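Remarks on the overall topology
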Amino acid sequence: MILDQPEDDLDTHLIYSLIVQQIRKMKAERQVIIATHNPNLVVNGDAEMVLAMDYRGGQCRLLGDSSGSLQDRGVRNEIFRVMDGGREAFQERYRRVIEEVGNV
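Residues numbered from 1 in each chain as written. Predicted model: local features only at pLDDT ≥ 70, side-chain atom pairs only at ≥ 80, totals over all residues. Heavy atoms only, no water.

1. Remarks on helix H1 (residues 12–26)
Heads up, the condition is: The numbering of helices and of strands both runs from the N terminus, where a helix is a DSSP run of H or I of at least 4 residues and a strand a run of E of at least 2. Take the residue count of a helix, subtract one, and multiply by 1.5 Å to get its expected span. Here the bend at a residue means the angle between the axes of two seven-residue stretches, the one that ends at it and the one that starts at it. The definition of a polar contact used here is a pair of N or O atoms within 3.5 Å, where within protein one atom must be able to donate a hydrogen and the other to accept one, and adjacent residues in sequence count solely through side-chain atom pairs.
Between its terminal C-alpha atoms H1 stretches 20 Å, which fits the 21 Å expected from 15 residues at 1.5 Å a residue. Most pronounced at Ile19, the bend in H1 amounts to some 25°. The opening residue of H1, the one whose side-chain oxygen lies 3.2 Å from the backbone nitrogen of His13, is Asp11.

So this is what it looks like as structure tokens:
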């Protein structure tokens, strides 16, 4: 199945509750290819392969250092680059979640 920017015109809650949950179910039965500008969809959807692309010289080009799995440093750095607030915002959200889990 190929999905082209399924997150368009949806808020963050709907992206997670509708799209991410369905992606997780679908990938157990079929291959899912998604074109997205939303790094949260990539991370929360637990992407198995990320192909980061950029528009350069009038063409869409694959960013070789930023392609692979979520465990690859180059892929994570590209996700941080695209995410709202970058690496610092991601680390702050992570810190808050860990603190909150400790208080439960």
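Now that the structure has been shown, the text picks up again.
2. With respect to the environment of Tyr16
For Tyr16, the location among the structural elements is in helix H1. Sequence spacing of Tyr16 and Val50 is 34 residues, and the spatial spacing of their C-alpha atoms is 19 Å. At a separation of 3.1 Å, a polar atom in the side chain of Tyr16 contacts the side chain of Gln21.

3. With respect to the layout of surface pockets
The following threshold applies: Only protein atoms enter the calculation, which uses a 1 Å grid: trapped sets of points that fit a 1.4 Å probe without letting it out are cavities, open sets showing protein on both sides within 12 Å along at least five of seven lines are pockets, and any residue with an atom within 4 Å of a point is a lining residue. Grid points are joined across faces, edges and corners, and a volume is the space filled by probe spheres set on the points. Note that Gly is not counted as nonpolar here; it falls among the polar residues with everything else outside the nonpolar set of Ala, Val, Leu, Ile, Met, Phe, Trp, Tyr, Cys and Pro and the charged set of Asp, Glu, Lys and Arg.
Here the largest pocket defines a volume of roughly 1000 Å³. Around the largest pocket, the lining is made up of 33 residues, and of these Ile34, Thr36, Val42, Val50 and Leu51 lie nearest the centre. Taken together, the elements giving at least two residues each to the lining of the largest pocket come down to strand S1 (2–4), strand S2 (33–35), helix H2 (39–44), strand S3 (50–56) and helix H3 (73–82). When residues of the lining of the largest pocket are assigned to their parent elements, the largest contribution, 5 residues, is made by H3. Class assignment of the residues belonging to the lining of the largest pocket gives a composition of 19 nonpolar, 7 polar and 7 charged. Asn40, Val43, Asn44, Met83, Phe90, Arg93, Tyr94 and Val97 together form the lining of the second largest pocket. Elements that contribute at least two residues to the lining of the second largest pocket include exactly H2 and helix H4 (86–102). At 4 residues, H4 tops the list of elements feeding residues into the lining of the second largest pocket. Partitioning the lining of the second largest pocket into residue classes produces 5 nonpolar, 2 polar and 1 charged.

4. Here's the deal with a nonpolar patch on the surface
Let me state the cut-off plainly: Surface patches are defined over residues having more than 30% relative accessible area and no salt bridge, joining like charges when they lie within 9 Å and nonpolar side chains (Val, Leu, Ile, Met, Phe, Trp, Tyr) when within 5 Å. Computed with a 1.4 Å probe, the accessible areas rest on the Shrake-Rupley method; for each residue, only the protein chains presented here act as cover. Every case where a carboxyl oxygen of Asp or Glu lies within 4 Å of a side-chain nitrogen of Lys or Arg is listed as a salt bridge. Here the term buried applies to any residue with accessible area under 20% of the maximum for its type, exposed to any over 50%, and partly exposed to those in between, with areas from a 1.4 Å probe on protein chains only.
Together, Met49, Leu51, Met53 and Leu62 make up a nonpolar patch on the protein surface, roughly 440 Å² of accessible area in all. On the secondary structure map, Met53 appears in strand S3. Given a relative accessible area of 47%, Met53 falls into the partly exposed group.

5. Let's talk about the pairing of S3
Stated precisely, the cut-off is as follows: When DSSP finds two or more bridges between two strands, those strands count as paired.
Strand direction decides the pairing type here: S3 and strand S4 (residues 59–68), joined by 6 bridges, are antiparallel. For Leu51, the partnering residue across the bridge sits in S4 and is Ser67.

6. Here's the deal with the pattern of salt bridges
A complete count under the given rule lists 4 salt bridges for this structure. A salt bridge links Asp54 to Arg56; the shortest N-O distance between them is 3.4 Å. Arg56 sits in the partly exposed class, given a relative accessible area of 45%. Notably, a salt bridge pairs Arg81 with Glu78, separated by 2.6 Å at the nearest N-O pair. One end of the pair, Arg81, and the other, Glu78, are both in helix H3, 3 residues apart, so they sit about a helical turn from each other. You can call Glu78 buried: its relative accessible area is 12%.

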